[in-house]
Amino acid sequence: MKKILITGAGGLVGRASVEHCVANGDRVVAYDRQSLDIADARKVEEVISRESPDAVINCAAWTDVDGCESDPIKAEQVNAIGPENLARSCRNSGAGFLTISTDYVFDGAKEGFYTQRDDPRPLSVYARSKLEGERRPQLEYARTIVVRTGYIFGPGGRNFLSTLVDRVRRGEKLKAIRDCWGTPTYARGLAVRLRELVELDLPGVFHVVSSGDGASFDSFAREALKLVDCDPQLVEPVSMDSLTRPAPRPRNSKLRCLLSPALGLPPLPHWHEGLAHYLKIPQAQPVVLQTEPARRA
Ligand SMILES: NC(=O)c1ccc[n+]([C@@H]2O[C@H](COP(=O)([O-])OP(=O)(O)OC[C@H]3O[C@@H](n4cnc5c(N)ncnc54)[C@H](OP(=O)(O)O)[C@@H]3O)[C@@H](O)[C@H]2O)c1
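Notes on the structure follow. In this text, all values refer to a predicted model and were calculated from it rather than measured experimentally.

### Quick look at the side chain of arginine 148
Tracing the chain through its elements places arginine 148 in strand β5 (residues 144-149). There is a polar contact of 2.8 Å between the side chain of arginine 148 and the side chain of glutamate 134. Beyond its immediate sequence surroundings of up to four residues, arginine 148 is in contact with Ser101, Thr102, Val105, Phe106, Pro120, Glu134, Val205, Phe206, His207, Val208 and Leu255.

### As for the nonpolar core
Membership of the largest hydrophobic core comes to 29 residues, with the highest contact counts inside it found for Ile6, Ile57, Leu98, Val147 and Leu194. The set of elements that each furnish at least two residues to this core consists of β1 (3-7), α1 (12-23), β2 (27-31), β3 (55-58), β4 (96-102), β5 and α7 (187-200). With 6 residues, α7 is the single largest residue contributor to this core. When residues no more than four places from it in sequence are discounted, the contact partners of valine 147 are Leu98, Thr99, Ile100, Ser101, Leu190, Leu194, Leu197, Phe206 and Val208.

### So, the pairing of strand β10 (residues 204-207)
Here β10 shows a buried face lined by Gly204 and Phe206 and a second buried face lined by Val205 and His207. Bridging between β5 and β10 involves 4 bridges; their strand directions are parallel. Considered in β10, the bridge of arginine 148 is made with histidine 207.

### Describing the packing of aromatic side chains
Taken as a whole and assessed by the stated rule, the structure comprises 9 aromatic pairs. Measuring from ring centre to ring centre gives 4.3 Å for phenylalanine 106 and tyrosine 114, while their planes differ by 15°; the resulting arrangement is stacked. For phenylalanine 106, a relative accessible area of 0% gives the class buried. A residue is classified by how much of its surface remains accessible, and tyrosine 114, at 3% relative accessible area, is buried. Their ring planes at 50° and their centres at 6.1 Å tell us that phenylalanine 153 and tyrosine 278 sit as a pair that is tilted. Of this pair, phenylalanine 153 sits in strand β6 (residues 152-153) while tyrosine 278 sits in helix α10 (residues 271-280), and the two are 125 residues apart along the sequence. For the residue pair phenylalanine 153 and tyrosine 278, the accessibility class agrees, reading buried in each case. An aromatic cluster of at least three residues, connected via ring pairs, comprises Phe153, Tyr186, Phe220, Trp271 and Tyr278.

### Let's talk about the sheet that holds β4
Strand order in the open sheet formed by 6 strands is β2-β1-β3-β4-β5-β10, with parallel pairing between adjacent strands. Looking at the sheet topology across the chains shown, the edges are occupied by β2 and β10. Across this sheet, the average inter-strand angle for adjacent strands is 20°, counted without regard to direction. The pairing of β3 with β4 spans 4 bridges and is classified as parallel. Each residue of the ladder has a partner; that of isoleucine 57, found in β4, is leucine 98. Running over the sheet, helix α4 (residues 72-93) touches β1, β3, β4 and β5 and is turned about 165° from β4. The strands that helix α5 (residues 125-140) touches are β4, β5 and β10; relative to β4, the one it contacts most, it runs at about 160°.

### Details of the site of the ligand
Neighbouring residues of the ligand: 26 residues in total, closest Val13, Asp37, Thr63, Tyr126 and Lys130. Contact distances for the ligand include 2.8 Å between an oxygen atom and a side-chain N or O atom of tyrosine 126. Within the backbone of isoleucine 152, a nitrogen or oxygen atom sits 3.0 Å from an oxygen atom of the ligand. Here the ligand has 880 Å² of accessible area as a free molecule, and 86% of this is covered by the chains. Of all the secondary-structure elements, those providing two or more residues to the shell around the ligand are α1, β4 and α5.

### Remarks on the packing of helix α6 (residues 160-169) against helix α8 (residues 217-227)
As a packed pair, α6 and α8 sit with axes 10 Å apart at the nearest point and diverge in direction by 45°. Taken together, the axes of α6 and α8 lie oblique to each other. In the crossing of α6 with α8, the sense of the turn from one axis to the other is right-handed. Contacts between α6 and α8 pair Phe160, Leu161, Leu164, Val165 and Val168 from the former with Phe217, Phe220, Ala221, Ala224 and Leu225 from the latter. Taken together, the residues of the contact of α6 with α8 break down into 10 nonpolar, no polar and no charged.

What counts, and at which threshold
Residues numbered from 1 in each chain as written. Predicted model: local features only at pLDDT ≥ 70, side-chain atom pairs only at ≥ 80, totals over all residues. Heavy atoms only, no water. Helix = DSSP H or I, 4+ residues; strand = E, 2+ residues; numbered from the N terminus. Polar contact = N/O pair within 3.5 Å; in protein donor to acceptor, adjacent residues only side chain to side chain. Contact = heavy atoms within 4.5 Å. Core = buried A, V, L, I, M, F, W, Y, C linked by side-chain atoms within 4.5 Å. Buried < 20%, exposed > 50% of the residue type's maximum accessible area, 1.4 Å probe, protein only. Pairing = 2+ DSSP bridges. Phe/Tyr/Trp six-rings, centres within 6.5 Å; stacked < 30°, edge-to-face > 60°. Axes fitted to C-alpha atoms, helices over the stretch in contact; angles between N-to-C directions. Near = heavy atom within 4 Å. Areas by Shrake-Rupley, 256 points an atom, 1.4 Å probe, with all protein chains shown as cover. Parallel < 35°, antiparallel > 145°, perpendicular 65-115°, else oblique. Left-handed = near helix turned anticlockwise from the far one by under 90°. Nonpolar A, V, L, I, M, F, W, Y, C, P; charged D, E, K, R; others polar.

The quantities given are spatial measurements derived from coordinates; they are silent on function.
Here's what the structure looks like:
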């Protein structure tokens with residue numbers, strides 16, 4: 001049995017990771033933002049040295065892409081210095097360390113899938129802070145595993161992909177971008193791979209996404225509505241340029257991993273399968289974290 005400490009445990013991926021690790025017999029200590037602010041180096045050191053986990057999975061981040069644009073200092077503190085703090089304390093405690101990054105580190109100019117051979121070129125404050133959140137912990141601790149992912153959906157998520165069916169059922173009219181592509185990723189599948197990577201304990205940058213050719217927001221939305229017998233026409237496709245948002249996004253951020261097949265890791269299930277599974281979960285039922293109570297540091 002491994003002891004795994006999960007940060008950002010109240011978020012979309014944090015919840016999925018806690019659930020998956022608990023279900024697989026790990027001893028999980030789950031910390032949400034209230035119980036551990038990863039930007040606070042002293043608290044991070046205190047918690048990790050006290051808990052002495054075998055591994056830390058960092059699911060904490062400031063994920064408000066437009067919010068980051070107007071507060072680069074906070075973005076840097078949470079998304080770059082936070083993972084660096086965790087990496088340093090993991091090194092001090094001899095724990096494995098995995099942190100999550102984003103497909104937005106790429107500029108979107110490439111046709112096709114981005115692999116680890118492609119140079120990142122972040123367009124926004126959020127993306128720059130996340131790229132720093134890859135570099136800093138890797139410099140701090142050679143054992144760092146970085147997982148880039150994107151277009152995540154799942155229970156407890158607050159993003160467009162996770163909430164669109166509920167919003168349509170409430171009678172809201174939705175606009176979905178038709179000319180911006182990524183690789184949709186089911187949070188539960190991602191959680192499975194995160195745990196496998198922690199087990200493997202091989203440092204490096206991994207791209208982890210659900211299988212499939214990728215999708216635009218509007219094709220994802222139409223697929224979701226079809227699955228719940230709602231009219232796909234309820235979603236109005238719009239161009240990315242028609243929305244005025246503070247932060248630029250890459251037009252294409254589809255990911256593919258060069259390392260996972262080489263290591264014998266099977267592809268994650270297709271995102272269609274993930275979506276069908278997710279939509280069967282009763283939406284009214286809150287996600288229950290079966291974990292040791294997060295302690296205040
Ligand atoms: N969702 C996506 O489509 C997507 C795409 C690419 C990459 N990612 C990456 O995937 C990871 C997980 O994201 P997610 O989708 O699970 O986002 P999420 O639902 O927003 O979860 C992030 C969690 O981190 C917490 N947090 C924020 N600041 C913190 C701090 N200073 N210390 C500790 N916790 C803090 C948040 O708490 P509050 O809610 O209380 O602020 C939230 O519970 C992140 O690294 C993100 O960048 C996500």
